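# Fold and geometry: a report
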Amino acid sequence: MNIFHSINDFSSTKKTILTLGTFDGVHIGHKKILKKITQNTENEKYESLVLTFFPHPRMVLQEHSDIKLLNTIDEKIDLLEKIGIENLVIHPFDEAFSRLTAEEFVSAILVDRFHIQKIIIGHDHRFGRNRTANIDDLIAYGKEYGFEVEQISVQEINDISVSSTKIRNALLEGDMALANGYLGYDYFLTGSIVKGKQLGRTIGFPTANLKIEENYKLIPQNGVYIVKSIIDGQTVFGMMNIGFNPTVDGQKQTIEIHYFDFNTDLYNQKISVSILQRIRSEQKFESLDLLKEQLEKDKKTALAYLNKF
């Protein structure tokens, strides 16, 4: 997949089949649109192109927005590449870009820069300054400038009935079954393993401490989760605690993973942790012995869950 970090960087000798949006989560609803893009370019006459934006428009246009995103940029790139998208343009969204009129956007970007043959878009998509233009306007521009517009119908979207907002809410409630079902994959966190207080190893549960650099990444509800990672080509299962470690009076949120039957030094490695199921809420215990006793129970719960598959 070719990656461009600005609309102005893009160039191609072929016409493009294009879609655009934030695609946060690259969930099953997004994939319906993205697969149409790749199906339209199978004869290699055209190239597939996804235009997305960073920062998220709400981060720029809503002064006090505290929106958290389902994917970091790197995670989104990986997910789009797996679908088979050929070209990805990640354009820096700013106020100047938001002030482009609909016709300026169509003429200068879609036609002159991207040379589009066809745009595939959701029926409710709005664009241009103050989001005043709609699908009917886009169809009219298509006739004027010579490109096709294919809209994803209300029925198709309703058949899936999924949105990034619904997924965010499910994760904040710890409902992994609902979130993962909507995503079409297990929600995952990506970060580097850093040194922690190393208290886990004193009670027989050594943990890898995950540090996520991107502060906009959505972290699920605090609690204990069943997880898996691919480390050096090996699938490793474990359990993860998200929270403040109240038993030892922790002051900041941490993400700690205890991998089962795994003893490799992971410090400074970058890993992804897929979240399979939530076990329980975070609790404060009166002693480390009681914490250890609960962790033994959590491990049994996790292994019983994993043995079902």
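The notes below deal with the structure included here. Note that the coordinates shown come from a computational prediction; the quantities given were computed from them, not determined experimentally.

### Notes on helix 9 (residues 176–183)
Those residues of helix 9 lying buried are Met176, Ala179, Asn180, Tyr182 and Leu183. Projection of helix 9 onto a plane perpendicular to its axis shows the buried side chains occupying an angular sector of 160°, all on one side. Phi turns positive, to about 85°, at Gly184, one or two residues after helix 9.

### Some words on the side chain of Thr52
Position of Thr52 among the secondary structure elements: in strand 3 (residues 47–54). Under the relative-accessibility criterion, Thr52 is labelled buried at 1%. Among the polar contacts made by the side chain of Thr52, one reaches the main-chain carbonyl oxygen of Gly21 at a distance of 2.8 Å. Apart from the residues lying within four places of it in its own chain, the contact partners of Thr52 are Gly21, Thr22, Lys76, Leu88, Val89, Ile90 and His91.

### Re the sheet that holds strand 1 (residues 2–4)
Reading across the sheet, the six strands line up as 1-4-3-2-5-6 and stay open at both edges, with parallel pairing between neighbours. Each edge of the sheet is formed by a strand with only one pairing partner; in this case those strands are strand 1 and strand 6 (148–152). Pairwise comparison of adjacent strand axes, ignoring direction, gives a mean angle of 20° for this sheet. For strand 1 and strand 4 (residues 87–92), the ladder comprises three bridges, and the chain directions are parallel. Paired with Ile3 across the bridge in strand 4 is Leu88. Across the sheet, helix 1 (residues 28–39) is in contact with strand 2 (16–20), strand 3, strand 5 (116–122) and strand 6; its angle to strand 2 comes to roughly 170°. Contacts from helix 6 (residues 135–145) reach strand 5 and strand 6 within the one sheet, and its direction differs from that of strand 6 by about 160°.

### Quick look at the packing of helix 5 (residues 102–111) against helix 6
Taken N-terminus to C-terminus, the directions of helix 5 and helix 6 make an angle of 50°; their axes are 11 Å apart at the nearest point. The angle between helix 5 and helix 6 falls in the class oblique. Seen from above, helix 5 lies across helix 6 with right-handed handedness. On helix 6, the residues touching Ala102, Glu103, Val106, Ser107, Leu110 and Val111 of helix 5 are Leu138, Tyr141, Glu144 and Tyr145. Class assignment for the residues of the contact of helix 5 with helix 6 results in seven nonpolar, one polar and two charged.

### Re the environment of Tyr305
Topologically, Tyr305 is positioned in helix 10 (residues 288–306). Along the backbone, Tyr305 and Ala170 are 135 residues apart, and their C-alpha atoms lie at a distance of 20 Å. Ignoring anything within four residues of it in the chain, the contact list for Tyr305 reads Ile226, Leu276 and Gln277.

### Here's the deal with the sheet that holds strand 10 (residues 234–243)
One closed barrel holds the six strands; their spatial order is 7-8-11-10-9-12, and the pairing between them is antiparallel. Neighbour to neighbour, the strand axes of the sheet diverge by 45° on average, direction disregarded. Note that strand 8 (residues 208–211) and strand 11 (residues 254–259) share two bridges and pair antiparallel. Looking at strand 11, one finds that Ala208 is bridged to Ile257. The strands touched by helix 10 are strand 9 (223–231), strand 10 and strand 12 (270–280); relative to strand 12, the strand with the most contacts, the crossing angle is about 100°.

### Quick look at the packing of aromatic side chains
Tallied over the entire structure, the rule returns 10 aromatic pairs. Residues Phe97 and Phe105 carry aromatic rings whose centres are separated by 6.3 Å and whose planes lie at 90° to one another, so their mutual orientation is edge-to-face. Assessed through its relative accessible area of 12%, Phe97 is described here as buried. For Phe105, a relative accessible area of 7% translates into the label buried. On the numbers, 5.9 Å between centres and 55° between planes, the contact of Tyr185 with Phe188 is tilted. A relative accessible area of 15% means that Tyr185 is categorised as buried. The class of Phe188 is buried, set by a relative accessible area of 13%. Through pairs of rings, three or more aromatic residues link up here, namely Phe53, Phe93, Phe97, Phe105 and Phe127. Lying across the ring of Phe188, Lys217 places its NZ or CZ 5.5 Å from the centre.

What counts, and where the lines are drawn
- Residues numbered from 1 in each chain as written.
- Predicted model: local features only at pLDDT ≥ 70, side-chain atom pairs only at ≥ 80, totals over all residues.
- Heavy atoms only, no water.
- Buried < 20%, exposed > 50% of the residue type's maximum accessible area, 1.4 Å probe, protein only.
- Helix = DSSP H or I, 4+ residues; strand = E, 2+ residues; numbered from the N terminus.
- Arc of directions from axis to C-beta.
- Polar contact = N/O pair within 3.5 Å; in protein donor to acceptor, adjacent residues only side chain to side chain.
- Contact = heavy atoms within 4.5 Å.
- Pairing = 2+ DSSP bridges.
- Axes fitted to C-alpha atoms, helices over the stretch in contact; angles between N-to-C directions.
- Parallel < 35°, antiparallel > 145°, perpendicular 65-115°, else oblique.
- Left-handed = near helix turned anticlockwise from the far one by under 90°.
- Nonpolar A, V, L, I, M, F, W, Y, C, P; charged D, E, K, R; others polar.
- Phe/Tyr/Trp six-rings, centres within 6.5 Å; stacked < 30°, edge-to-face > 60°.
- Lys NZ or Arg CZ within 6 Å of the ring centre and 35° of its normal.

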